[in-house]
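Structural overview
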Amino acid sequence: MNIIGKNSLHYIIAINMENVNSIEDEFHVRLTEPVDLDELCNPDGRGSEFEVVLPEAPEEKQYFDEEDVFKHLNYEVNNVDGSDSEDDNQTPFDSIAKKMFSVIGDGSVMKRVKRVGSGEVIPKAYTATIHYEGYVEYCDVPFDSTRLRGKTQKIRLGEGQVILGLEVAVGTMRKGEKSDFLIQHQYAYGPMGVPPRIPGNATVLFVVELLNYSDTPLVPDMDTWSAERRKDATFEEILDIANAYRKAGNDAFNGDENGHKRISKAASQYIKAIRLLENARLANQSEEDEMKRVLLKLYLNLALCDIKQGQCPRALSNCIKALEIDPQNIKAMYRRGQALWHSNEFDKGRHWILKAQKLNPKDAHIQAELRKLDRKKAEMDQLHKATYQRMFASANSTSKSSDVAKEAKTKDKQKKCTPEAQDLLQTKLKEFIKDDVLTEMPFALDTLTSAETEYLQQAALEMGLEVRTLHQNSDKYLKILKPKPEAEQ
């Protein structure tokens, strides 16, 4: 079969029947016009000319959003970098390799540092958190990208969780480093490749950024375990997974993300570990002692997260659980006191913090917390005192007038919020905004006049705060809350 011309989607094809030797040469196409079979079968003829309609090519599968992909195009893999090579036979990867150095002896993994990291090279067997994009030659669209997937990749070095070349590459990096790596097929996807994105025997380019690393092991995914596997899990397995969750929580708490997101992620890890251990089947006293030892750490860590998120009732519950395990634990007493006074239970909070101080009199954190508690209590007492004074002054003033005058003056008083009260409420709100720990602040409505309540609501809204009215038994509260970041809503 020979192509002798083409027009748009129609090809003009000449076939000599002598060349059709077997069934494998048969094919089926749609013709635009009938074929002259006599001319076609004539061995002395010149063949037959006809037009065929080619089927439309299938659309290429879109793995990522086109607009996002455009931001991650790598023109260098097409040699579109503004440089001209003197060697016409030099490929784009050849050009890139000249700017690199080998990280293993045979040159199967080459490296180019784009941004220098800090600290030591990641130790062996550590868990790395990375972003990467992978490219094949002559294709500027990544065949894989953690950024396009919107999620970082965690790998434990030495466990074969990724291709060997990528693991070797990450093992040469420092925290914060960003580097390019050319990886030959024997360290990448081998002779088979991963069709259709990665051809066989393909050298690949990885752009890798090492965000962080730690000695925390990756947590096994228990969601993939069968019911029988879960039932047969030993306490040692459960304990290992719980400790991995705990360490992951510690890493999140000490991480670089913004405060609210960082603490929320840490709390979720602690909660997973607590649920595992609380539901574990124990065989002996030794396992129970070990479970309590780890649970104590988890309750204390989660209580700290709760306090920082303004979840004081939950923090109080976790502190009580910790004290049930160890009644003399100083941290549990201290955090129980924090949770209480942050809920405006100042006297109860002071009681528990003083108990912690009695066991550790020289602790600077405990002393600072007592000073902070006293300052907040004094401010609240001053606000209440001013409120009561205005209430009694109003009552004495109205008692000297007639019933009609009393009613009129009382209504007038209720419509106004004195400058002193306004200043106190404004100060309270501003201090609440500056406080990095508190996320909510309650006001008992029976301590405020309707005018003060109305002013407080208006002032809080103008400062970008949220206002809610709560009922607890017969008491009513006005709760002022800091708005959550958009990503957390």
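Residues numbered from 1 in each chain as written. Predicted model: local features only at pLDDT ≥ 70, side-chain atom pairs only at ≥ 80, totals over all residues. Heavy atoms only, no water.

Glancing now at the overall build of the chain. Each helix and strand counted, the chain has 16 helices and 16 strands in total. Counting every position in the chain, which comprises 489 residues, the buried fraction comes to 36%. Looking at the chain alone, contacts between residues at least 24 apart form 63% of all its contacts between residues at least 6 apart. Only carbon and sulfur atoms are counted for the fraction: they give 49% of the accessible area of the chain, which is about 29,500 Å². (Helix = DSSP H or I, 4+ residues; strand = E, 2+ residues; numbered from the N terminus. Buried < 20%, exposed > 50% of the residue type's maximum accessible area, 1.4 Å probe, protein only. Contact = heavy atoms within 4.5 Å. Areas by Shrake-Rupley, 256 points an atom, 1.4 Å probe, with all protein chains shown as cover.)

Packing of helix α15 (residues 419–434) against helix α16 (residues 450–462) leaves a shortest axis separation of 10 Å and a crossing angle of 40°. Our classification of the angle between α15 and α16 gives oblique. For the crossing formed where α15 meets α16, the hand is right-handed. Two secondary-structure elements touch here, α15 through A421, Q422, L425, Q426 and L429 and α16 through E452, Y455, L456, A459 and A460. (Axes fitted to C-alpha atoms, helices over the stretch in contact; angles between N-to-C directions. Parallel < 35°, antiparallel > 145°, perpendicular 65-115°, else oblique. Left-handed = near helix turned anticlockwise from the far one by under 90°.)

Right, let's get into the nonpolar core. Formed by 57 residues in total, the largest nonpolar core has its most connected members in L277, L298, L429, F443 and I480. With nine residues, helix α9 (residues 285–308) is the largest single contributor of residues to this core. Those residues in contact with I480 that lie beyond four places of it in its chain are L429, F432, T439, E440, M441, F443, A460, L465, E466 and V467. In this structure, I122, A128, I163 and F181 belong to the second largest nonpolar core, which totals 24 residues. (Core = buried A, V, L, I, M, F, W, Y, C linked by side-chain atoms within 4.5 Å.)

All right, on to the side chain of E177 then. As for its placement among the helices and strands, E177 is situated in the loop between β11 (174–175) and β12 (178–183). For E177, a relative accessible area of 3% puts it in the buried group. Side-chain polar atoms of E177 contact the side chain of S179, separated by 2.6 Å. E177 has contacts with K111, V113, R115, V116, G117, T172, V208, E209 and L210, leaving out every residue within four places of it along the chain. (Polar contact = N/O pair within 3.5 Å; in protein donor to acceptor, adjacent residues only side chain to side chain.)

Structurally, M441 can be placed in strand β14 (residues 440–444). What makes M441 buried here is its relative accessible area of 6%. When the C-alpha positions of M441 and H342 are compared, they lie 8.3 Å apart, and in sequence the two are 99 residues distant. The residues touching M441, leaving out its near neighbours within four places in the chain, are K428, L429, F432, L478, K479 and I480.

Once that is clear, we can look at the packing of helix α11 (residues 330–341) against helix α12 (residues 346–359). For the pair α11 and α12, the least separation of the axes is 7 Å and the interaxial angle reads 160°. On the basis of their axis angle, the class for α11 and α12 is roughly antiparallel. Considering the relative orientation of α11 and α12, their crossing is left-handed. On α12, the residues touching I330, M333, Y334, R336, G337, Q338, L340 and W341 of α11 are F346, K348, G349, W352, I353, K355, A356 and L359. Along the lines of polarity and charge, the residues of the contact of α11 with α12 split into ten nonpolar, three polar and three charged. (Nonpolar A, V, L, I, M, F, W, Y, C, P; charged D, E, K, R; others polar.)

The final tally for this structure, using the stated rule, is 15 salt bridges. For the salt bridge of K111 with E177, the shortest nitrogen-to-oxygen distance reads 2.9 Å. Note that K111 is positioned in strand β6 (residues 109–115) and E177 in the loop between β11 and β12, a separation of 66 residues in sequence. Given a relative accessible area of 4%, K111 falls into the buried group. The partner of K114 in a salt bridge is D180, and the shortest N-O contact between them spans 3.7 Å. On the criterion of sequence distance, the pair formed by K114 in strand β6 and D180 in strand β12 is long-range, its members being 66 residues apart. (Salt bridge = Lys/Arg side-chain N within 4 Å of Asp/Glu carboxyl O.)

Judged by how many residues are buried, strand β8 (residues 127–136) sits mostly within the fold: ten of ten residues are covered. Taking every second residue as pointing to the same face, both faces of β8 are buried, with T127, T129, H131, E133 and Y135 on one and A128, I130, Y132, G134 and V136 on the other. Where β8 lies against strand β10 (residues 153–156), four bridges are found, and the strand directions are antiparallel. Bridging from a neighbouring strand, T127 pairs with R156 of β10. Sheet analysis places β8 next to strand β13 (residues 204–214), joined by ten bridges and oriented antiparallel. (Pairing = 2+ DSSP bridges.)

Negative charge collects at one region of the surface, where D65, E66, E67 and D68 lie side by side. Among the secondary structure elements, E67 is positioned in helix α2 (residues 66–70). (Patch = residues over 30% accessible without salt bridge, like charges linked within 9 Å, V, L, I, M, F, W, Y side chains within 5 Å. Lys, Arg positive; Asp, Glu negative; His and termini not counted. Charge placed at Lys NZ, Arg CZ, Asp CG, Glu CD.)

Taken together, the side chains of F101, V113 and V116 make up a nonpolar region of the molecular surface, amounting to roughly 290 Å² of accessible area. The residue V113 is located in strand β6 in this model.

Cross-referencing UniProt, the feature "repeat: TPR" (unreviewed entry) maps to residues 296–329 in the present numbering. Across residues 296–329, the secondary structure splits into 79% helix and 0% strand, with the terminal C-alpha atoms separated by 9 Å. (UniProt positions renumbered as here; feature names shortened; annotations may be inferred.)

The terminal C-alpha atoms of α15, which comprises 16 residues, lie 23 Å apart, in line with the 22 Å expected from a rise of 1.5 Å per residue. Residues of α15 that are buried: A421, L425, K428, L429 and F432. Looking straight down α15, one finds that the buried residues subtend no more than 95° of arc, so they occupy a single side. Facing away from the buried side of α15 by over 90 degrees, the exposed positions are P419, E420, D423 and K434. (Expected span 1.5 Å × (residues − 1). Arc of directions from axis to C-beta.)

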